[in-house]
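# Survey of secondary and tertiary structure
One letter stands for each residue in the lines below.
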Amino acid sequence: MSDLPNVSHTPGKPAPWNDPKIRALVFQALLIGVVVTFGLYLINNTLHNMEQRGISTGFGFLDNTAGFGVTQSLIEYDETYTYGRTFFVGLLNTLLVAVLGIISATLLGFVMGVARLSRNWLIARIATVYIEIFRNIPLLLQIFFWYFAVGLNLPRPKQSFALGETIFLNNRGLFIPRPITEDGFGLVIGAFVVAIIAVIVIARWAHRRQDATGQPFHTVWVSLALLVGLPGLAFLAAGAPLTWEMPELRGFNFRGGLSVLPELFSLTLALAVYTGTFIAETVRAGIQSVSHGQTEAARALGLREAPMLQLIIIPQAMRVIIPPLTSQYLNVVKNSSLAAAIGYPDLVAVFAGTTLNQTGPAVEIIAMTMAVYLTFSLSISLLMNWYNAKMMLRER
Amino acid sequence: MSTFERGPDLPPPVTQVGVIGWLRRNLFSSWLYSFLTLLALYLVWIVVPPVINWALLDASWSGTAREDCTSDGACWVFVSVRFNQFMYGFYPEAQQWRVNIIYGTLFLLMTPLFLKAFPWKTALGGFIIFVYPFIAYGLLDGAWFGLEVVETTRWGGLSLTLILAGVGCVAALPLGIILALGRRATDMPAAKSLCVIFIEFWRGVPLITVLFMSSVMLPLFLPEGVQFDKLMRALIGITLFQSAYMAEVIRGGLQAIPKGQYEAADALGLGYWKKTGLIVLPQAMKIVIPGIVNTFIALIKDTTLVLIIGLFELLGMIQNALNDPNWLGYATEGYAFTALTFWIICFSLSRYSMRIERKLHTGH
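Residues numbered from 1 in each chain as written. Chains lettered and ligands numbered in written order. Predicted model: local features only at pLDDT ≥ 70, side-chain atom pairs only at ≥ 80, totals over all residues.

### Observations regarding the overall build of chain A
- What chain A contains, in helices and strands, is 11 helices and eight strands.
- Computed over its C-alpha atoms, the radius of gyration of chain A comes to 30 Å, more than 25% above the 21 Å expected for a compact globule of 396 residues.
- Counting over 396 residues, chain A shows a buried share of 30%.
- The contacts of chain A with a sequence gap of at least 6 include a subset with a gap of at least 24, amounting to 66%. (Helix = DSSP H or I, 4+ residues; strand = E, 2+ residues; numbered from the N terminus. Rg over C-alpha atoms; globule rule 2.2 N^0.38 Å. Buried ≥ 20, exposed ≤ 12 C-beta atoms within 10 Å, placed from the backbone. Contact = placed C-beta atoms within 7 Å.)

Here it is in structure tokens:
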């Protein structure tokens, strides 16, 4: 008995070249080797080529005087500032058009998305026609249309479209009154902040009380009263510390007031109209994703139209709407780079355009520009993952 | 003795059926809706008739010069005079038959793909994707076939738009498949992270910076003496950009294949490549066709951006024509024509994609 060989019945290890783990390791090592070699090859070529063409490298150029003007800047800027400053000028202009575009596209998109589902036949048709027309036309074409065909063909300042002698639209842009704050306006802002904090506290308290006792509280009305009332009282108490500077026609153009460049105006309009179609479709899909049973259940519980929308439909629809909505917002940020085509001074036009042409370090400048957009994308997708994890349907 | 006689049924009230009923139900069901309907009618009234008047009724259609546009409406003469340029760019007129042949044969080759009974779809599809682009390039450029050489700088117009979008999409497909497979390779963390970085990088930057990069930086990357022309550089940028989006679409398809299919393939003893090539990809690719068509639509719209780096696709040709001192001030006509062209292409493609989606949605 004892001289029987001790046979193991577990299968032996496969030969190393057949072992999936070893194969994976070898393959990955090879892959990384190829990628690194390729990268080094490119870097080597680039360094060689730059040396040959006498292109300067490094970020030293950022401290040199720029010497060119920019038509719109949110921070102090003129020819004597540095190239580094042009980066921030462009970045802020990009952010400005992105924020304006996002706000207007959201408004338009939600209205059109709801309208497309309207029981009113005509309204639904108009929304459908709007969506189908404008989302199938390239954005750049729409920007050109609003800028070259509409914006530049608006009447001259003397014949501008006027809205009650306060807002003027002409081929030099849009002119609106500029608010000028005087001493004591800080009080109003302070009151507003206090109101916001109070609203948050009240909303939490009301929520907890409703959970505990079932007694509802008119949070919306109280919050509105607080948000309007507190700053309003502070405004009166401080003696109305706010005046408006009206745009006035002097010579060939308007002076004073806030002027919106025609480029900014056309770009925002095109972004809003184009992105609005995608947001409208997102909103429609979100509302349709709430099953009809939910509506019926809400009716059966005796909820009226407004609380049904507010408590049942909208929270469930938003869960579906928000992820694609943020990717649309991201698209607005990326698409705002088309500004370069009509000369709006955004990051791409000012920094990757003029600054690059004047200084020459292509790799550094393009890398900085791309890094900005990458930062936006990555931070928004991180935020999105967090939101999705938080809002995920908790099933039992 | 009187018997009860049932009278004839009364017709439903006039206000509930027919045109009036429809109007009441769909347009005037409440005060708010009536108000909205009137508002919408007013909106339609101020927009539609002027547009129709401008574009059709008052428009000038025929002629050869600016002076032929006498009416108040649109001057379509501008478009008809330049139509050849809008389609072919600066391609010499005597050689334009080459462009026609390419699009004509492509159309003929594509037709059998839409016929149900055609048996060699895969082979034909492979031919169109992998072989045809080279034939087309040879014919367009001319050098390989001993024809007059037409440099890529003279290509333009709608034909260039379609070349950019078509080549970008076809070249991005294999790259996208590899990236999508790599992103799902959980047992190879290094390969997976490389794919994730690649995909997220290209998806995170705007196409315009990609085009800037390929036109400014690409020449620096290449060894001395090697040069790509502008079109080639744009195509490389577009392909890399598009492959990231393609990869995400295909990944969606791979995720939709039930786990049982993978396990069944494993149980049959298939290795990774056989499992992927014979079981997973054929099913996944079928699901993602609508998604691929949608990215293709987005790409067609995005090709207009190449005008910023100096390639004259359709919109670029229009911009070019608008700068002609003889034809100043016809921007609206030019843009309307371009918009209509793009709209027809994109809208029909999106309908096609929706049709496939419905066909695939067999309702499990």
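Now that the structure is up, let's keep going.
### Observations regarding the packing of helix H8 (residues 292–300) of chain A against helix H9 (residues 305–335) of chain A
Residue and element names in this part refer to chain A.
- Between H8 and H9, the shortest axis-to-axis distance is 10 Å and the interhelical angle comes to 160°. Between H8 and H9, the crossing angle belongs to the class labelled roughly antiparallel. In this structure, H8 crosses over H9, and the sense of that crossing is right-handed. Contact residues: Gln294, Thr295 and Ala298 in H8; Met308, Ile312, Ile313 and Gln316 in H9.
- Residues that form the contact of H8 with H9 fall into these classes: four nonpolar, three polar and no charged. (Axes fitted to C-alpha atoms, helices over the stretch in contact; angles between N-to-C directions. Parallel < 35°, antiparallel > 145°, perpendicular 65-115°, else oblique. Left-handed = near helix turned anticlockwise from the far one by under 90°. Nonpolar A, V, L, I, M, F, W, Y, C, P; charged D, E, K, R; others polar.)

### Re the sheet that holds strand E8 (residues 258–260) of chain A
Residue and element names in this part refer to chain A.
- A sheet is described by the order of its strands in space; here four strands give the open sequence E1-E2-E3-E8, paired in antiparallel fashion. The open sheet is flanked by strand E1 (161–163) and E8, the only strands paired with a single partner. Taking the axes of each pair of neighbouring strands and ignoring which way they run, one obtains an average angle of 15° across the sheet.
- Looking at chain direction, E1 and strand E2 (residues 167–170) are connected through three bridges and run antiparallel. What sits directly across from Ala162, in E2, is Phe168. (Pairing = 2+ DSSP bridges.)

### Focus: the confidence of the model for chain B
- In this model, chain B carries a mean pLDDT of 87, and residues with pLDDT of at least 70 account for 99%.
- Interface confidence for the predicted complex, expressed as ipTM, amounts to 0.88; the pTM equals 0.86. (pLDDT = per-residue confidence, 0-100.)

### Some words on the environment of Phe59 of chain A
- You can see Phe59 of chain A is positioned in the loop between helix H1 (20–53) and helix H2 (83–116).
- Each C-alpha atom, one on Phe59 of chain A and one on Pro361 of chain A, is 8.3 Å from the other, the two residues being 302 residues apart in sequence.

### Side note on the pairing of E2 of chain A
Residues and elements named next belong to chain A.
- Only one face of E2 is covered, namely the face carrying Phe168 and Asn170; the face carrying Ile167 and Leu169 is uncovered.
- Here E1 folds back onto E2 in antiparallel fashion, the turn holding three residues, of which Gly164 has a positive phi close to 60°.
- As defined by bridge partners, E2 adjoins strand E3 (residues 173–176) across three bridges and the pair is classed as antiparallel. The residue of E3 that forms the bridge with Asn170 is Gly173.
- Linking E2 back to E3 in an antiparallel pair, the connection comprises two residues.

### Regarding the interface of chain A and chain B
- Of the residues lining the interface, 46 residues belong to chain A; the matching set on chain B comes to 43 residues.
- For the side of chain A that touches chain B, the elements supplying multiple residues, two or more each, are H1, helix H3 (121–134), helix H4 (139–150), H9, helix H10 (347–359) and helix H11 (362–391) of chain A.
- Here the element with the most residues in the side of chain A that touches chain B is H1 of chain A; it accounts for 11 residues.
- When the residues that make up the side of chain A that touches chain B are grouped by side-chain class, the tally is 33 nonpolar, 10 polar and three charged.

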